[in-house]
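Survey of secondary and tertiary structure
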Amino acid sequence: MSNKQRLVLSILDFLNDSIKDGTVKQDDQESLEVAIQCIGEAFGVDPTDEPQRDRLSVKPATLQSIFDVFLKTRDKLAPSAPAPSTSTPSSSKLKGPSPEDKSAAEALKAKGNSFMSSKNYDEAIASYTKAIELDPTNAVYYSNRAAAYSSKGSHDEAVLDADKAIEVDPSFVKAYHRLGHAYYCLNDYKAAAAAFRRGLELDPSNASLKTGLQNAEARATDYDDLPDLEPAPSSAPSAGGAPGAGGLGNMAEMLRNMGMGGAPGAPGGGGGMPDLASLMNNPQMMQMAQQMMANGGIERLMSNPNVANMMNRMQGGNMPDMSELMSDPTLRDMAAQFGGGGR
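Okay, so let's go over this structure. Treat the numbers as computed from the prediction; the structure is a model and nothing was measured. (Residues numbered from 1 in each chain as written. Predicted model: local features only at pLDDT ≥ 70, side-chain atom pairs only at ≥ 80, totals over all residues. Heavy atoms only, no water.)

When its secondary structure is counted, the chain shows 19 helices and zero strands. Within the span of the chain, comprising 343 residues, buried residues form 31% of the whole. For the chain, the proportion of contacts with a sequence separation of at least 24, taken over those separated by at least 6, is 53%. Just so you have it, the chain exposes about 20,900 Å², and 54% of that area is on carbon and sulfur atoms. (Helix = DSSP H or I, 4+ residues; strand = E, 2+ residues; numbered from the N terminus. Buried < 20%, exposed > 50% of the residue type's maximum accessible area, 1.4 Å probe, protein only. Contact = heavy atoms within 4.5 Å. Areas by Shrake-Rupley, 256 points an atom, 1.4 Å probe, with all protein chains shown as cover.)

This is the structure we're talking about:
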């Protein structure tokens, strides 16, 4: 439910911000505060719980910025409606910015660049924004503002500006790098890779785009290669095991994927661990595992501090020795009980 809770936290933050900034009228604030409390309780989200906020927060993104990105993307993908035949572009749009406006915009860009050098990102954004107002036809201003947004961690806004720069000048290579960088920082590695590729189509020798593409593709591949640990339905026969075993038969393959099955033909895994994949394909082991599940043995096993320590070490790539585990009297007794040896 964590994704839903993230959405709920974003909604609650938006509502609380709307109360604080005066968007909601004074007469309506009390009702909205009650609604915030009810929504939070319904989904188990407490905006004042800092550990929960750290786990569920989508910062630096906000609900408003995510919604803006969605609208921008939808508008770009939607077929553009033909302009009414009677409409006439204004003379100012036909003429574009005046030479005076262009000159002033360039001065503002230089000022923004100076602010960037001193890491004064808010002032840099303000300068680039003024430059855009004077000359919205220059892709460099949008690209520079995207860099400023990324530098302060506002990557959603950086995506919008980099997209706009590409819209204004599709041949402006640096904008594709800005777009890829912003998506990368938002953990959208596939979108980042796509942006870098589009830039490389224009400039195949660009070293920054090549590096960005390699990094994005590597991260995207890492995410794609994560094993699916969802349990198989209990009503379906499990591979290598008995029907209704709750997916225990699939544990062999899962353990191999985790590097716990040992090399093919090897007697056991590394670090003194036995070939757990082979064990889980053993009918007697399957029967014992099912008996443990039925009698609460799994819960007692997982609550054992030695087992918890083993799992932590395994996650760090350090495989424990089985003899070390079996020196624990609780585990010895449990193995004897469920292995049929008695006490």
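Quick look at a negative patch on the surface now. Among the surface-exposed residues, Asp46, Asp49, Glu50 and Asp54 lie close enough to one another that they form a single negatively charged patch. By the secondary structure assignment, aspartate 49 is in the loop between helix H2 (26-43) and helix H3 (50-56). Residue aspartate 49 is classed as partly exposed on the basis of its relative accessible area of 31%. (Patch = residues over 30% accessible without salt bridge, like charges linked within 9 Å, V, L, I, M, F, W, Y side chains within 5 Å. Salt bridge = Lys/Arg side-chain N within 4 Å of Asp/Glu carboxyl O. Lys, Arg positive; Asp, Glu negative; His and termini not counted. Charge placed at Lys NZ, Arg CZ, Asp CG, Glu CD.)

Let us now look at the pattern of salt bridges. All told, the structure shown has six salt bridges when counted by the stated rule. Ionic pairing is found between lysine 102 and aspartate 135, a salt bridge with its closest N-O pair at 3.6 Å. Pair noted here: lysine 102 is in helix H6 (residues 99-117) and aspartate 135 is in the loop between helix H7 (121-134) and helix H8 (139-151), with a separation of 33 residues, a long-range link. Its relative accessible area of 37% is what places lysine 102 among the partly exposed residues. Ionic pairing is found between lysine 109 and glutamate 106, a salt bridge with its closest N-O pair at 3.4 Å. A residue pair is termed a helical-turn pair when its members lie 3 or 4 positions apart in one helix, as lysine 109 and glutamate 106 do in helix H6 at three residues. For glutamate 106, a relative accessible area of 35% translates into the label partly exposed.

Taking the C-alpha atoms as reference, lysine 102 lies 9.1 Å from asparagine 138; in sequence the two are 36 residues apart. In this structure lysine 102 touches Pro97, Asp135, Thr137 and Tyr141, once residues within four positions along its chain are discounted.

A word on the side chain of arginine 145. As for its placement among the helices and strands, arginine 145 is situated in helix H8. Apart from the residues lying within four places of it in its own chain, the contact partners of arginine 145 are Ile125, Tyr128, Thr129, Ile132 and Asp161.

What follows is about the packing of aromatic side chains. Two numbers describe a pair of aromatic rings. These are the distance of the centres and the angle of the planes. Across all of its chains, the model carries one aromatic pair by this definition. Their ring planes at 70° and their centres at 5.1 Å tell us that tyrosine 184 and tyrosine 189 sit as a pair that is edge-to-face. Its relative accessible area of 24% is what places tyrosine 184 among the partly exposed residues. (Phe/Tyr/Trp six-rings, centres within 6.5 Å; stacked < 30°, edge-to-face > 60°.)

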